[in-house]
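Notes for the structure review
This is what each chain is made of:
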Amino acid sequence: MTDSIAIDARALDKWFGEGAARTQALRGVSMQAHFGEMVLIVGPSGSGKTTLLSVISGILRPDGGSVTIDGVDLWAQPDDGLADFRLNRIGFVFQDYHLFPRLTTAENVAIPLILKRRPWDEALAEAARYLEVVGLAGRAALPPVKLSGGEQQRVAIARAIVSQPDILVLDEPTASLDGDTGRTIIEFVKHQVLNTRRCIVIVTHDSRIFEYADRILRMEDGRLKGIDAGGAR
Ligand SMILES: Nc1ncnc2c1ncn2[C@@H]1O[C@H](COP(=O)(O)OP(=O)(O)OP(=O)(O)O)[C@@H](O)[C@H]1O
Ligand SMILES: [Mg+2]
C-alpha cells in the first residue's frame, strides 16, 4: 500500500519581473510527493527549483495552479492561517540558511518552538538536543557569524526539524558540507523523517544524495522533465 499524498501541486505558473525582464520561472509544473517518501529535484541553475520549493511550502504565491498539502488547499488560506499551517506542518531549509544574526545558534534552532508557545527553557533544551544531533553541541551559545558555512547549514537543518514537521523541504542542504558530514546529515534526516512516515523534498546538485532518494524529478527551464528512479528503490 502506498502512503497518502503529502504534496499535490497542479499546473503551477510563476512569473518574475516586469516588461522586457519578465521571465516565467514555473511553466505549468505538476508534482506529487507522498508521506513516507524522499523525493529529489535536480536541474541546472536558474531552472526554477527554489521557486518551486517556495511555492509548495507556502512562502511564494504562484500566479497560477494549486498546491494541496495533505488535503488542504495551501494558497486558499488567509495569511494568518497559512503562517500557522507552515509553522505546524512544514520545515524549510533555505539555500542561504536565513539564520538570525543577533540570536545564538541555540536560539535560532528554538524559534519554531517559541512560535508554538513552548516555554523558553524547554525550547532551548530541545534546541540543544538537535544541535547535538547535527554535531554542533559545542556551538550553542555562539552567534551564526562565528560558524562556518557548513555549520550554519546544519543549524538551519536543526531548526527545520526541531518541531518535527511532517513535511520537510530542503534547498541544497549539503552544498557547504564535506562528503562525510553531508551523508551523515542526510542519513539522519531520512531516518528521522521517514521512520515516522513523513515526507521529504530536497533540491540538490549533490550526486552523493541520489542513492537515498525514492524518486528523482528533473527540472529544466521552468518545467519538470523526466523522472528517474532514485537509488533507494
Ligand atoms: N525574486 C526574483 N525576482 C526576479 N527573478 C527571479 C526571482 N527569483 C528567481 N528568479 C528567476 O527565476 C528563475 C528561476 O530561479 P530559481 O531561483 O528558482 O532557480 P534555481 O533552479 O533554484 O537555481 P539555482 O540552482 O542557481 O539555485 C531564474 O531565471 C531567476 O533569475
Ligand atoms: Mg535555487
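Refer to the preceding data block for the structure.
Let us look at the structure shown here. Every value quoted in this text rests on a predicted model; they were computed, and no experiment measured them.

What to know about the overall build of the protein chain
- A count of helices and strands for the protein chain gives six helices and 10 strands.
- Computed over the C-alpha atoms, the radius of gyration of the protein chain is 17 Å, within 12% of the 17 Å expected from 2.2 N^0.38 for a compact globule of 233 residues.
- If one aligns the C-alpha atoms of the protein chain with their principal axes, the spans along those axes are about 45 × 45 × 40 Å.
- Looking at the protein chain residue by residue over its 233 residues, the buried ones come to 50%.
- Within the protein chain, counting contacts between residues at least 6 apart in sequence, those at least 24 apart form 67% of the total.
- Accessible area of the protein chain: about 10800 Å², with a carbon and sulfur share of 50%.
- Both charge centroids of the protein chain, one from 27 positive and one from 30 negative side chains, sit 1 Å from each other.

Remarks on the coordination of the magnesium ion (ligand 2)
- Around the magnesium ion (ligand 2), the donor atoms from the protein are Thr50 (OG1) and Gln95 (OE1), and they sit 2.0 to 2.5 Å away. Residue Thr50 is located in helix α1 (residues 49–56), and its partner Gln95 is located in the loop between β6 (90–93) and α3 (105–115); the two are separated by 45 residues in the primary sequence.
- The partly exposed category is assigned to Gln95, whose relative accessible area is 41%.

Here we look at the sheet that holds strand β1 (residues 5–16)
- Taken in spatial order, the four strands make up an open sheet running β2-β1-β4-β5, and their pairing is antiparallel. Looking at which strands have only one partner, the edges of the open sheet turn out to be β2 (23–34) and β5 (72–73).
- In terms of strand pairing, β1 meets strand β4 (residues 64–69) through five bridges, oriented antiparallel. Bridge pairing links Ala9 to Val67 in β4.

Overview of the packing of helix α5 (residues 149–161) against helix α6 (residues 179–195)
- Orientation of α5 relative to α6, taken along the N-to-C sense of each, is 0°, at an axis distance of 12 Å. Relative to α6, the element α5 is oriented roughly parallel. Residues Arg154, Ile157 and Ile161 of α5 touch α6, and the partners they reach there are Thr181, Ile185, Phe188 and Val189.
- Class assignment of the residues belonging to the contact of α5 with α6 gives a composition of five nonpolar, one polar and one charged.

A short note on the pairing of strand β3 (residues 37–42)
- Among the six residues of β3, six are classified as buried, and the element is accordingly described as predominantly covered.
- Neither face of β3 is left uncovered, since the one carrying Glu37, Val39 and Ile41 and the one carrying Met38, Leu40 and Val42 both have all their residues buried.
- Relative to strand β9 (residues 215–220), β3 is paired through four bridges, and the arrangement is parallel. Paired with Val42 across the two strands is Arg218, which belongs to β9.

Overview of the pattern of salt bridges
- In this structure the tally under the stated criterion is nine salt bridges.
- Salt-bridge contacts for Arg89 lead to Asp70; the nearest nitrogen and oxygen are separated by 2.7 Å. Of this pair, Arg89 sits in helix α2 (residues 79–89) while Asp70 sits in the loop between β4 and β5, and the two are 19 residues apart along the sequence.
- Looking at Arg89, the relative accessible area reads 18%, which means it is buried.

Here's the deal with the environment of Leu124
- Locating Leu124 in the fold gives a position in helix α4 (residues 120–133).
- Along the sequence, Leu124 and Arg223 sit 99 residues apart, while their C-alpha atoms lie 41 Å from each other.

Quick word on the site of ligand 1
- Taken together, Phe16, Ala25, Pro44, Ser45, Gly46, Ser47, Gly48, Lys49, Thr50, Thr51, Gln95 and His205 make up the full set of residues adjacent to ligand 1.
- One nitrogen or oxygen atom from the main chain of Gly46 is found 2.8 Å from an oxygen atom belonging to ligand 1.
- The contact in question runs from an oxygen atom of ligand 1 to an N or O atom on the backbone of Gly48, over 3.1 Å.
- Look at ligand 1: alone it shows 630 Å² of surface, and the protein chains cover 60% of it.
- Broken down by element, the shell around ligand 1 gets its largest block of residues, three residues, from α1.
- For the shell around ligand 1, the residue count by class is three nonpolar, eight polar and one charged.

Quick notes on the nonpolar core
- In terms of nonpolar packing, the biggest core is built from 38 residues, with Met38, Val109, Leu168 and Ile200 touching the most fellow members.
- Sorting the residues of this core by element identifies β3, α3, α4, α5, β7 (167–171), α6 and β8 (199–203) as the ones contributing at least two each.
- Considering every element that reaches this core, the biggest residue donor is α5, with six residues.
- Counting 30 residues, the second-largest nonpolar core is a separate cluster that includes Ala9, Ile69, Phe85 and Met219.

Cut-offs used in this document
- Residues numbered from 1 in each chain as written.
- Chains lettered and ligands numbered in written order.
- Predicted model: local features only at pLDDT ≥ 70, side-chain atom pairs only at ≥ 80, totals over all residues.
- Heavy atoms only, no water.
- Helix = DSSP H or I, 4+ residues; strand = E, 2+ residues; numbered from the N terminus.
- Rg over C-alpha atoms; globule rule 2.2 N^0.38 Å.
- Buried < 20%, exposed > 50% of the residue type's maximum accessible area, 1.4 Å probe, protein only.
- Contact = heavy atoms within 4.5 Å.
- Areas by Shrake-Rupley, 256 points an atom, 1.4 Å probe, with all protein chains shown as cover.
- Lys, Arg positive; Asp, Glu negative; His and termini not counted.
- Charge placed at Lys NZ, Arg CZ, Asp CG, Glu CD.
- Donors = N, O, S within 2.8 Å, 3.2 Å for Na, K, Ca; no water.
- Pairing = 2+ DSSP bridges.
- Axes fitted to C-alpha atoms, helices over the stretch in contact; angles between N-to-C directions.
- Parallel < 35°, antiparallel > 145°, perpendicular 65-115°, else oblique.
- Nonpolar A, V, L, I, M, F, W, Y, C, P; charged D, E, K, R; others polar.
- Salt bridge = Lys/Arg side-chain N within 4 Å of Asp/Glu carboxyl O.
- Near = heavy atom within 4 Å.
- Polar contact = N/O pair within 3.5 Å; in protein donor to acceptor, adjacent residues only side chain to side chain.
- Core = buried A, V, L, I, M, F, W, Y, C linked by side-chain atoms within 4.5 Å.

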